Amino acid sequence: MKFDPVLVHDWLTRTARLLPDKTALISRGQRLTYREIEEKASNLASALVLMGFRKGDRAIICLDNCPEAVISIYGVIKAGGIFVAVEPKSPWPVLSSIIKDTGARFLITHRLKLFGREGLKEEARLPARGFQVIVVDGSPSVFQPCPKVLEFSRLTKKVESSVSLPGLLETDLACLVYTSGSTGKPKGIICTHHNMVAAARSVIQYLGNKRHDIILDVLPLPFGYGFYQVIMCFMFGGTVVLEPSFAYIQDILTTIEKEKVTGFPIVPSISAMLLSLKKFPEEQLKSLRYITNAGAAWPVSHIQQLRKLLPKVKLFNMYGLSECKRVSYLPPNLIDKYPESVGIPMPNIEVAIVDQRGKPVPVGQTGELIVRGPSVMQGYWRDKNLTRKVFKKGKYAADRWLYTGDLFRQDENGLLYFVGRRDRQIKSFGRRINLAEIEKTVSCLEGVLEAAAVPVPDDLGGEVVGLFVVGQKGSKIDEAQVKLFCQQHLEPYKIPRYILLMEALFRTPNGKVDYQKLINFLKKTGIKGVLENSVEKEKKTSEAELIGKEQAKGTPDKSAK
Amino acid sequence: MVKDEIRRFITEKFLLNSSEYPEDDMSLLETNTVDSVGILEIVGFIENRFNLKVEDEELTAENLDSINKIAKFVEKKQGKF
């Protein structure tokens, strides 16, 4: 009798045995077969063990989307380690604090992250003793060689001496994900092999992935949504096309067409970009079987437009959080009728919506979403207090509920609706306002591509709403129209006091709206400053104060009270 | 010169906190100098500054992924090539 593997990397080994010559990964002009990836990852694991890497050690993978990043993930877990994928754009102080927090002894990164033209960068101060850096190729000729640094390409070559890799349990840790976009200290989410395999299995099941699927992954690998595409694909034996970004949208479209991509996981900024093209590229997208959305709420206007433009493509609206990877998905056949819903719990996940005392709320009422199942994380890295705070214990060890901090309601059909983050509520003149609700409302206005609401301090009201609006390409939307629409669709106390038109929103590397940056932008310039600047800007395109090409305009709205 | 203006824009906008000096032929994306929003900002800049229109089909790495490439692209659009 044969059983399915229980370790993440054993699934790769299995697929490499079944489909050795199939293309597993297409990235940076390389096409790697399952056999090649399996071999390189095993060689890297052996090399790591030879260098003293031990079971449970952490290795930081600070790489763009490239073949080496994928090989590193599998190499580290094969060596019994925990991989910590970190956004390569992270500034050095952040990277240093993650190195310190994780106690990692290995760092795999781009040469450019460490070296400038003058040699090792001054800010790249690494822990001195027992710390090993591995660099991925990138025009080494430009830079001076540095003896303390190992070349990645040499470590993935066949090792002669036999090395025994450590035996692992599915309950051993496999990854540590730092959550992004949040303020204050980043939280490290820890997951076992079992957590990851369980999550991947459930998602594969509802997406109906088969070997012929070709997945385009433009999401950063440090983002769970990004690296799970690879984990899943290597389980069902498909092909991943890994791209560093979707910035050059025309290149992405060409790739989809050329590689006959069938699955395209996106975040709303990607659908925004696709829909802003003057001519929608349906011809280039004709190989697609499905598009999934996660990371942030999918604006209904995007869903409706994509349904019209790509009627044969299944659209999966999904919801999840790093703490448990994925929670729910809307079966695509329901999307026309319930475009605002994030659907039903995925297989092997149970949810409940509870009030502040932890009691289930009646159907239709808003409460906090709690989640239970094998894909829920083990806790936060070295933070027992925070871990204790988000879990409620049940009758036995595995019976525990994760408190997501997200507000939800469920309709009479059992469909779930995301209402907002618990902490995205503000109090204005003594009344609670959910910022997500404002955004959702304004997104329904024709000509609006997306909107982001932030709290703005106010002497009288405590806080009032500031709203950033991005218009669709070619639309002549102005703030007066937005204000009028708000007056028509929102209770007076919810109407944004300030409305600013932008050409793009600030985003975190994961593509989520960077609210903190928007708030800082307002703080730095000041509401008044923004208004004054906008007048200046009309006279002259001065970019001194304004970040980006926002056409910051705004009008204090006295009727908002 | 077109190239100088582009270099200045990129340096001031994206490399403020860095001692680095961008190489004219370095990939902007691979060196993490800019991200996808940054690319759009660059497009906005060249459209405004050089009074030209960037078409959807032109949003490619070939046209935009280094200072040299952008300069060449702008000059081509201006009809200098």
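Caption draft 1: Fine view of the overall build of chain B. Looking only at helices and strands, chain B has four helices and zero strands in total. In chain B, the order of α-helices and β-strands from amino to carboxyl end is α-α-α-α. Burial status across chain B gives 53% buried among its 81 residues. Sequence-distant contacts, at least 24 apart, represent 57% of the contacts inside chain B between residues at least 6 apart.

Caption draft 2: Broad picture of the overall build of chain A. Counting its regular elements, chain A contains 16 helices and 29 strands. For chain A, the proportion of its 561 residues judged to be buried stands at 58%. In chain A, of all internal contacts separated by at least 6 residues, the share reaching a separation of at least 24 is 67%. On chain A, roughly 25000 Å² of surface is accessible, and the fraction owed to carbon and sulfur atoms is 52%.

Caption draft 3: Molecular detail of the packing of helix 1 (residues 8–18) of chain A against helix 8 (residues 224–236) of chain A. Residue and element names in this part refer to chain A. Interhelical geometry of helix 1 versus helix 8 gives an angle of 40 degrees and a closest axis separation of 8 Å. The pairing of helix 1 with helix 8 is recorded here as oblique in orientation. Crossing handedness for the pair helix 1 and helix 8: left-handed. Facing helix 1, whose interface residues are V8, W11, L12 and T15, helix 8 presents I231, F234 and M235. Broken down by class, the residue content of the contact of helix 1 with helix 8 amounts to six nonpolar, one polar and no charged.

Caption draft 4: Molecular detail of the interface of chain A and chain B. Between chain A and chain B, the contact holds 27 residues from the first and 26 residues from the second. Overall, the association of chain A and chain B removes approximately 2400 Å² of surface from exposure, summing both partners, and the carbon and sulfur fraction of that is 56%. Taken together, chain A and chain B are joined by two salt bridges. Its salt-bridge partner being K278(A), residue E55(B) comes within 2.7 Å of it at the nearest N-O pair.

Caption draft 5: Focus on the pattern of salt bridges. Residues and elements named next belong to chain A. For the structure shown, the criterion picks out 26 salt bridges over all chains. One salt bridge in this structure joins R35 and D21, with 2.8 Å as the shortest N-O distance. With R35 in helix 2 (residues 34–50) and D21 in the loop between helix 1 and strand 1 (23–27), the pair connects residues that are 14 residues apart, well separated along the chain. Classification of R35 as partly exposed rests on a relative accessible area of 37%. Accessibility expressed as a relative area gives 54% for D21, which makes it exposed.

Caption draft 6: Region of the structure containing the confidence of the model for chain B. Residues and elements named next belong to chain B. Chain-level statistics for chain B give a pLDDT mean of 84 and a share of 88% at 70 or above. Predicted confidence in chain B is weakest over helix 2 (residues 36–49), with a mean pLDDT of 85, and strongest over helix 4 (residues 67–77), with 94. For this predicted complex, the interface score ipTM comes out at 0.72, while the overall pTM is 0.80.

Caption draft 7: Spotlight on the side chain of Q250(A). As for its position among the elements, Q250(A) is in helix 9 (residues 249–259). Overall, Q250(A) belongs to the buried group, its relative accessible area being 12%.

Caption draft 8: Structural context of the packing of helix 1 of chain A against helix 2 of chain A. Residue and element names in this part refer to chain A. Between helix 1 and helix 2, the least distance of the axes is 8 Å, while the angle of their chain directions is 140 degrees. In terms of their interaxial angle, helix 1 and helix 2 are classed as oblique. Between helix 1 and helix 2 lies a crossing of left-handed hand. Contact residues: helix 1 offers L12, T13, T15 and A16, while helix 2 offers Y34, R35, I37 and E38. A class-by-class count of the residues in the contact of helix 1 with helix 2 yields four nonpolar, two polar and two charged.

What counts, and at which threshold
- Residues numbered from 1 in each chain as written.
- Chains lettered and ligands numbered in written order.
- Predicted model: local features only at pLDDT ≥ 70, side-chain atom pairs only at ≥ 80, totals over all residues.
- Heavy atoms only, no water.
- Helix = DSSP H or I, 4+ residues; strand = E, 2+ residues; numbered from the N terminus.
- Buried < 20%, exposed > 50% of the residue type's maximum accessible area, 1.4 Å probe, protein only.
- Contact = heavy atoms within 4.5 Å.
- Areas by Shrake-Rupley, 256 points an atom, 1.4 Å probe, with all protein chains shown as cover.
- Axes fitted to C-alpha atoms, helices over the stretch in contact; angles between N-to-C directions.
- Parallel < 35°, antiparallel > 145°, perpendicular 65-115°, else oblique.
- Left-handed = near helix turned anticlockwise from the far one by under 90°.
- Nonpolar A, V, L, I, M, F, W, Y, C, P; charged D, E, K, R; others polar.
- Buried area = accessible area lost by both parts, 1.4 Å probe.
- Salt bridge = Lys/Arg side-chain N within 4 Å of Asp/Glu carboxyl O.
- pLDDT = per-residue confidence, 0-100.

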